[in-house]
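Next come the chains, spelled out residue by residue.
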Amino acid sequence: MNLWRMVATRIALGIVTLLLVSAVIYLVVGVLPGDIAVEVLGRNSTAQARHLFDLRLHLNEPLWDRYAQWLGGFVRGHFGESITTGSPVRALVMPALGASARLSAYALVLYVPITLTMALIGAVWSGRGPDSVTSTLTLIGLSLPDFVIGTILIVMFAVVVHWFPAIAGTGAQGFWATLRAITLPAATLAAVMSAYSARMLRSSLIEVLQSQFIRTATLKGTSRWRVIFRHALPNAIVPTLNVTALNLTYLIGGVVVVEVVFSYPGLGQLLVNSIAIRDIPVVEAATLIASGIYIAANVFSDVVAVLVTPRLRYARPAR
Amino acid sequence: MATIAPFQAGLRASRRRRLARFRAAVPSTFWVGAVTLLLFLLIALTANLWAPYGYADIAGVPIQNPGWSHLLGTDLLGRDVFSRVMLGTAPVVLLSLGSTAVSTLVGALLGVVLALRRGVADALAMRAFEVLISIPFLILGLVLIAAVGVANGGGSWLLVAVVVLIYLPRTTQVVRSAALGLVESDFVAVARARGESRRSIVVRELLPNLSGVALVEFGVRAGYAPILISSLAFLGFGAQPPSPQWGVMISENRSTFASGNVWAVLGPSIALALLVTAINFVTDGVARYLDRSTVRVP
């Protein structure tokens, strides 16, 4: 009971935060740039054209009304219209969101086996050859930004050997072709995420492998791999679950860069392009959606943290 | 003089002991990182004195392989890659360390004051920071730069402001939660009873006890700042061409990477990786000595 109340409180707080975030986004994106009509139509535009532009975007109304209308429309699923193309923002944002979701899901699917393999190799052969290989790899993953990892993967797997296409976006037909097209960007995201969690899991595995019950299991004749998978791994995985939840929040920013590297038509690419051409309604919608997912991921990671560490159910976590 | 000498000797001995303890606590990677970081600082401060070419100079035929005249070859416009990597060190290193230093100093002070005062101001500030943290940081940076105008995006002050705005809420939260424990402790109560002013409690009692937290916080954030700044530049929202900032170099030469323009991409990438690794090694060593975690919420 206590647990569910805590989860409900956390979700309610998340919704309040999202409302405040929407106000901040609307203020920063919609108000700071000054005269949007001049920006979009150019300095030589007539006063009448600018006035019509303002009317079309409701820029002549008070800020508070505009915000309320925008938010009300957003809740009802009407995101406004793109300044540059005039098409509904929803028609631009929704396919992009779907594309980003597919990419992220694939990245998470790759992330689990990569993390497990790297951590197991590092823990089982700790301090020896295989460990130093995986440790070096994860260290590189930690210190290189995602756009460099992506570029290196392109050269290795799209240019040197033609296993995967370098551009992820266009015209792949069918499930397997699409999967092949987005393998490199997904692998880039997975590499960045698993670099951190593999180090985490390796060190907690090493710690668990030194404990008494592992010795007992080994001494009673359990096979080495059974000891590792049945006895050590379940006990070492909890801190890694927390890191995985944090990785979810990395993913939302990481996807922006990786989509640009691979020209993948996702939400991040849409956001970057829309910022460049100052398409304010699209920027607002994309930013708000990304923030909503980010907040949801944070709520989720908090709930996971409470579920896997019963201690947190009784004491309020330190803020 | 004679009366002070033993005291000074004692001080010196205790300093030597502390140094010995530090040496025992930090792994060898700390020293590797420290030396590398010093080299980067040296390059950042002196590169414009000895770099063979200027960052915008057309030094030869485009896309040459490394050789004696061009240590890392030339990029797609024929500029000397080695010179550009060296000259690009200053903006990356100084912007990263500088902006992180500003956000850590302000964040530490703010965190302590908020923890000491509590009340409405504290609640409001923490709520506001939570809202800022709830926007993915890269997207927040992009939107801020877009709001000011992409054309002004290369300005160092704008980049510093963006990094500070991203880091400040996070640092303040970390320092504040560490300070909350200290505020209740006896030595603060004693200082209050002694009639120390609030400023004196902050500066003389609380801040010295939080320097470890702030130092590790600085290291962790500084280790990510080069990636953040380069990512913004890579996406076209940070430094603009012909700046030699590493993110710009990678973004400019990436399209011709496959057709042999390898070093113009690898050069800045390796420099970036070395810098980040060096900062992380140093931070890791300090954190181990202070027995603190380097795990952070993004």
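First things first, this report covers the structure right here in the doc. In this numbering scheme, every chain counts its residues from 1 along its sequence in written order. Note on labels: chains are lettered from A, ligands numbered from 1, in written order. Local features in this predicted model are restricted to residues whose pLDDT is 70 or higher, and side-chain atom pairs enter the listing and the counts only when it is 80 or higher, whereas totals over whole chains, interfaces and linings include all residues. Calculation of side-chain values draws on the structure's entire complement of heavy atoms; hydrogens and water are dropped beforehand.

Here we look at helix 9 (residues 246–253) of chain B
Next, step 1: Relative accessible area decides the class of each residue, using a 1.4 Å probe on protein chains only: under 20% of the type maximum gives buried, over 50% gives exposed, and in between gives partly exposed. A helix here means a DSSP run of H or I that spans at least four residues, while a strand means a run of E at least two residues long, and both kinds are numbered starting from the N terminus. With 7 of its 8 residues buried, helix 9 of chain B lies for the most part within the structure.
Next, step 2: Every buried residue of helix 9 of chain B is accounted for by W246, G247, V248, M249, I250, E252 and N253 of chain B.
Next, step 3: Close packing links the buried residues of helix 9 of chain B with helix 7 (146–160) of chain A together with helix 2 (28–50), helix 3 (81–117), helix 8 (198–234) and helix 10 (263–290) of chain B. Residue contacts are counted whenever heavy atoms from the two residues lie within 4.5 Å of one another.

So, the interface of chain A and chain B
Next, step 1: Every contact between the two is made by 42 residues of chain A and, on the other side, 40 residues of chain B.
Next, step 2: Once two parts are brought into contact, the accessible area they lose, counted with a 1.4 Å probe and summed over both, makes up the buried area. Here chain A meets chain B over a buried area of about 3600 Å², counting both sides, of which 78% is carbon and sulfur.
Next, step 3: Definition used for salt bridges: Asp or Glu carboxyl oxygen within 4 Å of a side-chain nitrogen of Lys or Arg. Seen at the junction of chain A and chain B, the total is 0 salt bridges.
Next, step 4: As used in this structure description, the phrase polar contact means that two N or O atoms lie within 3.5 Å; if the pair is within protein, one of them must be able to donate a hydrogen and the other to accept it, and residues adjacent in sequence are counted only when both atoms belong to side chains. Where chain A touches chain B, the interface holds 2 residue pairs in polar contact (both at pLDDT 80 or more).
Next, step 5: Sorting the residues of the side of chain A that touches chain B by element identifies helix 1 (2–30), helix 6 (129–143), helix 7, helix 12 (238–261), helix 13 (267–276) and helix 14 (280–308) of chain A as the ones contributing at least two each.
Next, step 6: Each residue is assigned to one class: nonpolar for Ala, Val, Leu, Ile, Met, Phe, Trp, Tyr, Cys and Pro, charged for Asp, Glu, Lys and Arg, and polar for all the others, Gly among them. Here the side of chain A that touches chain B is composed, by residue class, of 32 nonpolar, 7 polar and 3 charged.

Thoughts on the packing of aromatic side chains
Next, step 1: Pairing of aromatic side chains requires ring centres within 6.5 Å, counting the rings of Phe and Tyr and the six-membered ring of Trp. Pairs whose planes differ by under 30 degrees are stacked, by over 60 edge-to-face, and all others tilted. Throughout the structure, instances matching the rule amount to 16 aromatic pairs over all chains.
Next, step 2: Measuring from centroid to centroid gives 6.1 Å for Y67 of chain A and W70 of chain A, while their planes differ by 40°, and the two rings are tilted. With Y67 of chain A and W70 of chain A both in helix 4 (residues 63–75) and 3 residues apart, this pair spans about one turn of that helix.
Next, step 3: Accessibility expressed as a relative area gives 11% for Y67 of chain A, which makes it buried.
Next, step 4: Through a chain of ring-to-ring contacts, the aromatic side chains of Y26, W64, Y67, W70, F74 and F79 of chain A assemble into a single cluster.
Next, step 5: As a reminder, the over-ring test applies to NZ of lysine and CZ of arginine, requiring each to be within 6 Å of the ring centre and within 35 degrees of the ring normal. Above the ring of F79 of chain A, the side-chain terminus of R90 of chain A is found at 6.0 Å from the ring centroid.
Next, step 6: Seen from the ring of Y167 of chain B, R221 of chain B lies directly overhead, with NZ or CZ sitting 5.7 Å from the centre.

Topic: the pattern of salt bridges
All names here are of chain B.
Next, step 1: This model, assessed by the stated rule, comprises 13 salt bridges over all chains.
Next, step 2: For R176, the salt bridge is made with D122, and the minimal N-O distance between the two is 2.8 Å. Note that R176 is positioned in helix 6 (residues 156–183) and D122 in helix 4 (residues 119–133), a separation of 54 residues in sequence. Comparing R176 with D122, the two get one shared label, buried.
Next, step 3: With a closest N to O distance of 2.4 Å, R194 and E196 form a salt bridge.
Next, step 4: What makes R194 exposed here is its relative accessible area of 55%.
Next, step 5: By relative accessible area, which is 17% here, E196 ends up buried.
Next, step 6: Each of D75, R79, R84 and E252 takes part in salt bridges that share partners, so that together they form one network.

With respect to a nonpolar patch on the surface
Next, step 1: A cluster of nonpolar residues, W125, W225 and F229 of chain A, forms a patch on the protein surface that exposes about 310 Å² of accessible area.
Next, step 2: On the accessibility criterion, F229 of chain A (43% relative accessible area) is partly exposed. Patch definition: residues above 30% relative accessible area lacking any salt bridge, with like charges linked at up to 9 Å and the nonpolar side chains Val, Leu, Ile, Met, Phe, Trp and Tyr linked at up to 5 Å. All accessible areas in this document rest on Shrake-Rupley with a 1.4 Å probe, and a residue is counted as covered only by the protein chains that are shown.

Digging into the environment of Q64 of chain B
All names here are of chain B.
Next, step 1: Structurally, Q64 can be placed in the loop between helix 2 and helix 3.
Next, step 2: Accessibility expressed as a relative area gives 29% for Q64, which makes it partly exposed.
Next, step 3: Measuring from C-alpha to C-alpha, the distance between Q64 and W263 comes to 9.0 Å, with 199 residues separating the pair along the chain.
Next, step 4: Look past the residues within four positions of Q64 in its chain and what remains in contact with it is H70, G73 and T74.
Next, step 5: Reaching out from Q64, the side chain makes a polar contact with the backbone oxygen of V61 at a distance of 3.1 Å.

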